Amino acid sequence: MAVHAKEYDNVLLKDGRVTTIEDAVAESYTGTIGHDPSTWEIIYFTSDDIERVLSQEEFNKLYEKQEHIQH
């Protein structure tokens, strides 16, 4: 079942990455992953790729966890 999100929602993707939706058009979204300019990557995804919308607290915890894994 597709998750419907809106611009600026923090989301957990089904592949485990977290991002903030920067642009939303219909069921297509754009977000940035990474923790600094050297690792930033713009990603494109659909509502089918979203596991769920995250609270700010959940997003911060998952983001910090991923940052430690990358270093």
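Residues numbered from 1 in each chain as written. Predicted model: local features only at pLDDT ≥ 70, side-chain atom pairs only at ≥ 80, totals over all residues. Heavy atoms only, no water.

1. A short note on the sheet that holds strand β3 (residues 28-33)
Spatially, the five strands line up as an open sheet ordered β4-β3-β2-β1-β5, and their pairing is antiparallel. Each edge of the sheet is formed by a strand with only one pairing partner; in this case those strands are β4 (41-46) and β5 (50-54). Between one strand axis and the next, the sheet turns through 40° on average, direction left out of account. With four bridges connecting them, strand β1 (residues 10-13) and β5 associate as antiparallel partners. Looking at β5, one finds that L13 is bridged to I50. (Pairing = 2+ DSSP bridges. Helix = DSSP H or I, 4+ residues; strand = E, 2+ residues; numbered from the N terminus. Axes fitted to C-alpha atoms, helices over the stretch in contact; angles between N-to-C directions.)

2. So, the pattern of salt bridges
Pairing between side chains becomes possible if they bear opposite charge and their charged atoms approach one another. Taken as a whole, this structure holds four salt bridges when the rule is applied. Among the ionic pairs, D9 bridges to K6, the shortest N-O distance being 3.2 Å. A relative accessible area of 12% means that D9 is categorised as buried. Of the charged contacts, one joins R52 and E58 as a salt bridge, the two residues approaching to 2.8 Å between their closest N and O atoms. Look at R52 and you get partly exposed, because its relative accessible area is 36%. (Salt bridge = Lys/Arg side-chain N within 4 Å of Asp/Glu carboxyl O. Buried < 20%, exposed > 50% of the residue type's maximum accessible area, 1.4 Å probe, protein only.)

3. Examining the side chain of N10
Note that N10 resides in strand β1. Only 2.6 Å separates the side chain of N10 from the side chain of T20, close enough to count as a polar contact. The residues touching N10, leaving out its near neighbours within four places in the chain, are T19, T20, R52, V53, L54, Q56 and F59. (Polar contact = N/O pair within 3.5 Å; in protein donor to acceptor, adjacent residues only side chain to side chain. Contact = heavy atoms within 4.5 Å.)

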